[in-house]
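Here is what each chain is made of, one letter per residue.
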Amino acid sequence: MPAALTTREEIVDRLFTVFRDLGFDGASMADLSRATGLGKSSLYHYFPDGKIQMAEAVLDRATAVIDTEILGMARAPGSLKTRIQKIIAVLNHRYAGGRTLCVLGQLASSQLGPDGRQGLRMAFGHWIEAIAILAHESGMPPARAKNFAEDWVAGLQGALILQAATADAGAFVRSMDALMALTKKSARGSV
């Protein structure tokens, strides 16, 4: 069992890993307790509403990561190519080159309640917004850029699931290539 954690942030980081690896339904209170080094009663001290509140905290963390590492980078100054390369590097790191599931995908199929569903909509919405910004900057009209972004995020989620089932990260690599291809469209000035 890991050493007991002292901050809520550290606890949420450990919960993030459990929900990413096991999903909401697969994560037992014993799993969550073991990962955090806290007894069940201590977990309830931090999260009085139990596992649902833990998942909501994880969704808040996921949204914050998207906001800083993906949406923030999409909005940052610099060339389109550099920003996309940085986002791809983040995604390669976060998903271990396509070998790690996404916590959002894991939680999306769970019964999280209205606050959890809203957290998922927000996280995915910010992610889609980031990719749409890049697609629009590559020359796509706004509606097409949004459709591209939705399809790309959905494809990435599918690629991560497919890799978990087949141990083949090829679809993940192709997802990253599709994002990088936006820089070629921008360079050609095509729509």
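Placed above this text is the structure.
Residues numbered from 1 in each chain as written. Predicted model: local features only at pLDDT ≥ 70, side-chain atom pairs only at ≥ 80, totals over all residues. Heavy atoms only, no water.

Q: Help me understand the nonpolar core in this model?
A: By size, the foremost hydrophobic cluster in this structure holds 60 residues, and its most contacted members are F19, L104, L107, W127 and W152. With residues near it in sequence (within four places) discarded, W127 still touches I66, I70, L91, Y95, C102, L104, W152, V153, L156 and Q157. (Core = buried A, V, L, I, M, F, W, Y, C linked by side-chain atoms within 4.5 Å. Buried < 20%, exposed > 50% of the residue type's maximum accessible area, 1.4 Å probe, protein only. Contact = heavy atoms within 4.5 Å.)

Q: Teacher, can you tell me more about the side chain of S138 here?
A: Assignment of secondary structure puts S138 in the loop between α7 (113-137) and α8 (142-166). Look at S138 and you get buried, because its relative accessible area is 3%. Separated by 2.6 Å, the side chain of S138 and the backbone oxygen of A135 make a polar contact. (Helix = DSSP H or I, 4+ residues; strand = E, 2+ residues; numbered from the N terminus. Polar contact = N/O pair within 3.5 Å; in protein donor to acceptor, adjacent residues only side chain to side chain.)

Q: Hey, could you run me through the packing of helix α4 (residues 51-75) against α7 in this one?
A: Helix-helix packing is described using two parameters, namely the angle between the two axes and the distance between the axes. Two elements in contact, α4 and α7, have axes separated by 9 Å at closest approach and are oriented at 10°. Accordingly, the angle class assigned to the pair α4 and α7 is roughly parallel. Along the contact surface, α4 presents E56, L59, T63, I66, D67, I70, L71, A74 and R75, while α7 presents D115, G116, G119, L120, M122, A123, H126, W127, E129, A130, I133 and L134. Broken down by class, the residue content of the contact of α4 with α7 amounts to 12 nonpolar, four polar and five charged. (Axes fitted to C-alpha atoms, helices over the stretch in contact; angles between N-to-C directions. Parallel < 35°, antiparallel > 145°, perpendicular 65-115°, else oblique. Nonpolar A, V, L, I, M, F, W, Y, C, P; charged D, E, K, R; others polar.)

Q: Just checking my understanding: could you explain the packing of aromatic side chains for this structure?
A: For any pair of aromatic rings, the description rests on two quantities: the centre-to-centre distance and the angle between the ring planes. For the coordinates displayed, the defined rule picks out three aromatic pairs. Judged by centre distance (5.9 Å) and plane angle (20°), the rings of F19 and F24 are stacked. Note on accessibility: F19 and F24 belong to one class, buried. Arranged with centres 6.5 Å apart and planes meeting at 45°, the rings of Y46 and F47 form a pair that is tilted. Residue class for Y46 comes out partly exposed when judged on its relative accessible area of 25%. Between K51 and the ring centre of F24, over which it is positioned, the NZ or CZ distance is 4.6 Å. (Phe/Tyr/Trp six-rings, centres within 6.5 Å; stacked < 30°, edge-to-face > 60°. Lys NZ or Arg CZ within 6 Å of the ring centre and 35° of its normal.)

Q: Any chance you could explain the pattern of salt bridges here in plain terms?
A: Proximity of charged atoms lets side chains of opposite charge pair with each other. Under the defined criterion, the tally for this structure stands at seven salt bridges. Residue D13 is joined to R61 by a salt bridge in which the shortest nitrogen-to-oxygen separation is 2.0 Å. Here D13 is found in helix α1 (residues 8-26), whereas its partner R61 is found in helix α4, with 48 residues between them in sequence. Classification of D13 as partly exposed rests on a relative accessible area of 38%. Taking the shortest distance from any N to any O, the salt bridge between D31 and R34 comes out at 2.7 Å. Of this pair, D31 and R34 both sit in helix α2 (residues 29-36), three residues apart, roughly one helical turn. You can call R34 partly exposed: its relative accessible area is 44%. (Salt bridge = Lys/Arg side-chain N within 4 Å of Asp/Glu carboxyl O.)

Q: Honestly, α4 in this entry has me stumped. Any pointers?
A: An α-helical turn contains 3.6 residues, so a residue and the one three or four places further along point in the same direction. Under the 1.5 Å per step criterion, the end-to-end length of α4 is 34 Å for 25 residues, consistent within 8% with the ideal 36 Å. Of all bends in α4, the biggest is about 35°, found at D67. (Expected span 1.5 Å × (residues − 1). Bend = angle between axes of the 7 residues up to and from the residue.)

Q: Teacher, can you tell me more about the packing of α1 against α2 here?
A: Contact pair α1 / α2: the axes reach a minimum separation of 9 Å and the direction vectors enclose 155°. In terms of their interaxial angle, α1 and α2 are classed as roughly antiparallel. For α1 against α2, the interelement crossing comes out right-handed. Here I11, R14, L15, V18, F19, L22 and G26 of α1 come into contact with α2, specifically with D31, L32, A35 and T36. (Left-handed = near helix turned anticlockwise from the far one by under 90°.)

Geometric descriptors of this kind do not, in isolation, establish any biological role.
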